[in-house]
Amino acid sequence: MMLDRISTQEIINAGRFNLRPLRLSDMGLIALYAGDERVARMTTSIPHPYPPGAAEAFVTRAMAPDRAEDVWAIDGVKSGEGEVLGLISLKKMDRNQSEVGYWVAPLYWNTGMASEAVQALVETNPQGNATMFASVFQDNLASARVLTHCGFAYLGDAESYSVARDATVPTWTYSRKL
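Fair warning: this is a prediction, and the values are worked out from it, not measured in the lab.

> What is the right way to look at helix H5 (residues 113–124) in this model?
Spacing of three or four residues puts side chains on the same side of an α-helix, whose turn is 3.6 residues. Counted at 1.5 Å a residue, the expected span for H5 with its 12 residues is 16 Å, and the 16 Å between its end C-alpha atoms agrees. Taken together, the buried positions of H5 are Met113, Ala114, Ser115, Ala117, Val118, Ala120, Leu121 and Val122. Asn125 sits one or two positions beyond H5 and adopts a positive phi of about 45°.

> Explain the side chain of Thr171 here, please?
Relative to the helices and strands, Thr171 resides in strand S8 (residues 167–177). Residues within four places of Thr171 in sequence aside, it is in contact with Ser135, Val136, Phe137, Gln138, Gly156, Asp157, Ala158, Glu159 and Ser160.

> Help me out: how do you make sense of the sheet that holds strand S5 (residues 97–104) in this one?
Adjacent strands of a sheet form backbone hydrogen bonds with each other and so pair up, either parallel or antiparallel. Taken together, the 8 strands give an open sheet; going across it, the order is S1-S2-S3-S4-S5-S6-S8-S7, and neighbouring strands pair in mixed fashion. Bordering the open sheet on either side are strand S1 (12–13) and strand S7 (153–162), each of which pairs with just one other strand. By the bridge criterion, 5 bridges tie strand S3 (residues 69–75) to strand S4 (residues 86–93) in an arrangement that is antiparallel. Residue Glu69 lies in a different strand from S4, and its bridge partner there is Lys91. This element, helix H6 (residues 141–149), spans S5, strand S6 (131–137) and S8 of the sheet and lies at about 10° to S8.

> Sorry if this is basic, but what is going on with the packing of aromatic side chains here?
For any two aromatic rings, the description comes down to two numbers: the centre-to-centre distance and the angle of the planes. Across all of its chains, the model carries 2 aromatic pairs by this definition. Ring centres 6.4 Å apart and planes at 65° place the aromatic pair Tyr33 and Trp103 in the edge-to-face group. Pair noted here: Tyr33 is in helix H2 (residues 27–34) and Trp103 is in strand S5, with a separation of 70 residues, a long-range link. Looking at Tyr33, the relative accessible area reads 16%, which means it is buried.

> Can you help me understand the side chain of Thr173 in this one?
If you trace the backbone, Thr173 turns up in strand S8. Within the structure, Thr173 has its side chain in polar contact with the side chain of Ser135 (distance 3.3 Å). Beyond its immediate chain neighbours, meaning those up to four positions away, Thr173 contacts Ala134, Ser135, Ala153, Tyr154, Leu155, Gly156 and Ala158.

> So what exactly am I meant to see when it comes to the nonpolar core here?
Nonpolar side chains in soluble globular proteins generally cluster together in the buried interior. If you look at the biggest cluster of nonpolar residues, it comprises 50 residues, and the most contacted ones within it are Leu19, Ile88, Val100, Tyr102 and Phe152. Ranked by the residues each element gives to this core, the list is headed by H5, at 7 residues. Apart from the residues within four sequence positions on either side, Leu19 is in contact with Glu10, Ile11, Ile12, Ala14, Trp72, Ala73, Ile74, Ile88, Ala117, Ala120 and Leu121.

So, how was this worked out
Residues numbered from 1 in each chain as written. Predicted model: local features only at pLDDT ≥ 70, side-chain atom pairs only at ≥ 80, totals over all residues. Heavy atoms only, no water. Helix = DSSP H or I, 4+ residues; strand = E, 2+ residues; numbered from the N terminus. Expected span 1.5 Å × (residues − 1). Buried < 20%, exposed > 50% of the residue type's maximum accessible area, 1.4 Å probe, protein only. Contact = heavy atoms within 4.5 Å. Pairing = 2+ DSSP bridges. Axes fitted to C-alpha atoms, helices over the stretch in contact; angles between N-to-C directions. Phe/Tyr/Trp six-rings, centres within 6.5 Å; stacked < 30°, edge-to-face > 60°. Polar contact = N/O pair within 3.5 Å; in protein donor to acceptor, adjacent residues only side chain to side chain. Core = buried A, V, L, I, M, F, W, Y, C linked by side-chain atoms within 4.5 Å.

What follows is the structure, given as structure tokens:
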């Protein structure tokens, strides 16, 4: 059953890299990058410091047949880069909608990689969504630019709790009709 479910999560060609389902061998690089405070502080769910075993638990959940979220590694092997340059995900919501989440390793910030990954996910629309949503912390202007560059429209302000910051942080929410 697990193999059938995992095989339905397709590999997405995103030009200079592929978006591919996670595999067990990704745990080390996920732990390395997610353990970087600069990455953790721009997410709601990554703790800092990153605890031992967290990457293993995350990858195990991402590979589970009953998962509520599809997660892809941004894999740059085809252009001579690493196997995990960041992650991008779609969390299933009701009414044929999903929430996009992503992070990119700091080495690849300001390279267009996040925009290319989000655009590839939107164009492929692997879950067949009618709408995708995303939220970014208001102090993460680069991620806001990624979303607007990919055709997401601003919906409004909100707040989300950041585990790494141990605080509620103001956010901007965006949507994209497909």
